[in-house]
Amino acid sequence: MDPFLFTVYHVDDYPADPSGGRMEFLTPGDGQDFDPSKPYRMYHGDDVPGFPQHPHRGFETITATIRGLVDHADSTGNAGRYGEGDVQWMTAGKGIVHCEMFPLVNADKPNSIQFFQIWLNLPKRNKMVDPSFAMFWAGDVPEWTSSDGLSTVTVWAGDYFLEDKVKNNKPPPDSWASNPENDVAVLRVVVKPGGKMVLPKANRGEQGVNRTMYLVEGLDGITVDGKIVKEKVCMTLDATKDVTLELHNDADTPTEFLVLQGRPIDEPVVQHGPFVMNTQNEIRQAFFDYRKTQFGGWPWERDDMIFPQDKGRFALIDGMESSPEDSVEEKKGSIDEL
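Residues numbered from 1 in each chain as written. Predicted model: local features only at pLDDT ≥ 70, side-chain atom pairs only at ≥ 80, totals over all residues. Heavy atoms only, no water.

Looking at where S19 falls in the secondary structure, it is placed in the loop between β1 (4-14) and β2 (50-56). A polar contact of 3.2 Å, which involves the side chain of S19, links it to the backbone nitrogen of R22. A polar contact of 3.2 Å, which involves the side chain of S19, links it to the backbone nitrogen of E24. Excluding its chain neighbours within four sequence positions, the residues that come into contact with S19 are E24 and L26. (Helix = DSSP H or I, 4+ residues; strand = E, 2+ residues; numbered from the N terminus. Polar contact = N/O pair within 3.5 Å; in protein donor to acceptor, adjacent residues only side chain to side chain. Contact = heavy atoms within 4.5 Å.)

As structure tokens, then:
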């Protein structure tokens, strides 16, 4: 639903690395492995599961992780290994090539992974901006917990469930989410058995904000504004009203939701594969430009670029490398200065 284009929820229970440190499977995939009935998928990967280099233009990707690790590399020279609650926000803009791989980093335990990738559209005026890349480490991602500890909300984007004096991470400057008037929110809501909470109405709901809520885990029958929901569904909510969520004490597992919200861009959307523009002519131009320029070319040694097994989480942005530890130290320094 506008301004969002696409959402995919990845849950893959990859085994421990069987390759002696190469972080690969011993039997290659077929490059088209998307079978939802399997415990894990190779996707477009051969030896390493994931998505080898591919282009994008005209929108943004928000990759919000819960567990596991993702290796990213792109045509601008930016790169990273992130996961375990980190959020990567990439503006494709006028064109970028990137890969997203799921290396088998752990040799002594499974390499399970769980995350969302969300495509957020760009308005026409920003579809041809320069690509950009931002990393928000898990320690900097706000999380609200109810007083009884039975409900939590992870605030991947938006001005919701924030404690006093807590500000959320700023979206990239060209993002539709960068303007508070657009009221964009991306929330992970988890309600444990016996939990009850209220999802507040949108800050600017009266201005025509769209809000959807996906039930992604837990089918024990959660009550959503008095109605029992027992299946994975996408619910369109009235953004002008609060929504009460309550899970009965006898439930076996928590119920998890993804909430997506924002004022619609309200422009024509023409999509062909990895390109999202406003007209068919712009789509044809995107293919022409990609064939001619490769959106800057691929500077990495392999199409499914992965990083050393002992490399921790990091982000390489415009030649500067950071890590979650750097972020924690900066926060400590800010507190000490106050």
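Let's shift gears to the environment of T76. With respect to the helices and strands, T76 occurs in the loop between β4 (69-74) and β5 (79-83). Looking at T76, its side chain comes within polar contact range of the side chain of D74, at 2.5 Å. At 3.1 Å, the side chain of T76 forms a polar contact with the side chain of N78.

It is worth spelling out the packing of aromatic side chains at this point. The full count for this structure, using the stated rule, is 21 aromatic pairs. With 6.1 Å between their ring centres and 85 degrees between their planes, Y43 and F102 make a pair best called edge-to-face. With a gap of 59 residues between them, Y43 in the loop between β1 and β2 and F102 in the loop between β7 (96-101) and β8 (111-121) connect regions that are remote in the sequence. According to the relative accessible area criterion, F102 is buried, its value standing at 3%. Every member of this aromatic cluster is reached through a ring pair, and the members are Y14, F25, F34, Y40, Y43, F51, F102 and F115. (Phe/Tyr/Trp six-rings, centres within 6.5 Å; stacked < 30°, edge-to-face > 60°. Buried < 20%, exposed > 50% of the residue type's maximum accessible area, 1.4 Å probe, protein only.)

With respect to topology, six strands assemble into an open sheet ordered β2-β7-β4-β5-β22-β23, the strand pairing being antiparallel. Looking at which strands have only one partner, the edges of the open sheet turn out to be β2 and β23 (320-322). On average, each strand axis in the sheet is tilted by 20 degrees relative to the strand beside it, whichever way the strands run. With five bridges joining them, β4 and β5 adopt antiparallel strand pairing. Along β5, the bridge assignment pairs H72 with G80. (Pairing = 2+ DSSP bridges. Axes fitted to C-alpha atoms, helices over the stretch in contact; angles between N-to-C directions.)

Quick look at unusual backbone geometry now. Along the chain, D2 connects to P3 via a cis peptide bond; the corresponding omega equals 15 degrees. Tracing the backbone through its elements, the reader meets P3 in the segment before β1. Positive phi values are uncommon outside glycine, yet M23 reaches one of about 65 degrees. The class of M23 is buried, set by a relative accessible area of 4%.

Let us now look at the sheet that holds strand β19 (residues 255-262). With antiparallel pairing, six strands are arranged side by side in an open sheet as β10-β11-β12-β19-β14-β17. Each of the sheet's edge strands pairs with one partner strand only, and the pair in question is β10 (143-145) and β17 (234-237). Going across the sheet, the axis of each strand differs from the next one's by a mean of 20 degrees, ignoring polarity. Here strand β14 (residues 210-217) runs beside β17; their pairing, made up of four bridges, is antiparallel. Residue pairing in the sheet places M213 in a bridge with M235 of β17.

Burial within β8 is extensive, with ten of its eleven residues counted as buried. Note that β1 and β8 share ten bridges and pair antiparallel. Each residue of the ladder has a partner; that of V11, found in β8, is Q114. Note that strand β3 (residues 59-67) and β8 share eight bridges and pair antiparallel. Of the residues in β8, the one forming a bridge with T61 is W119.

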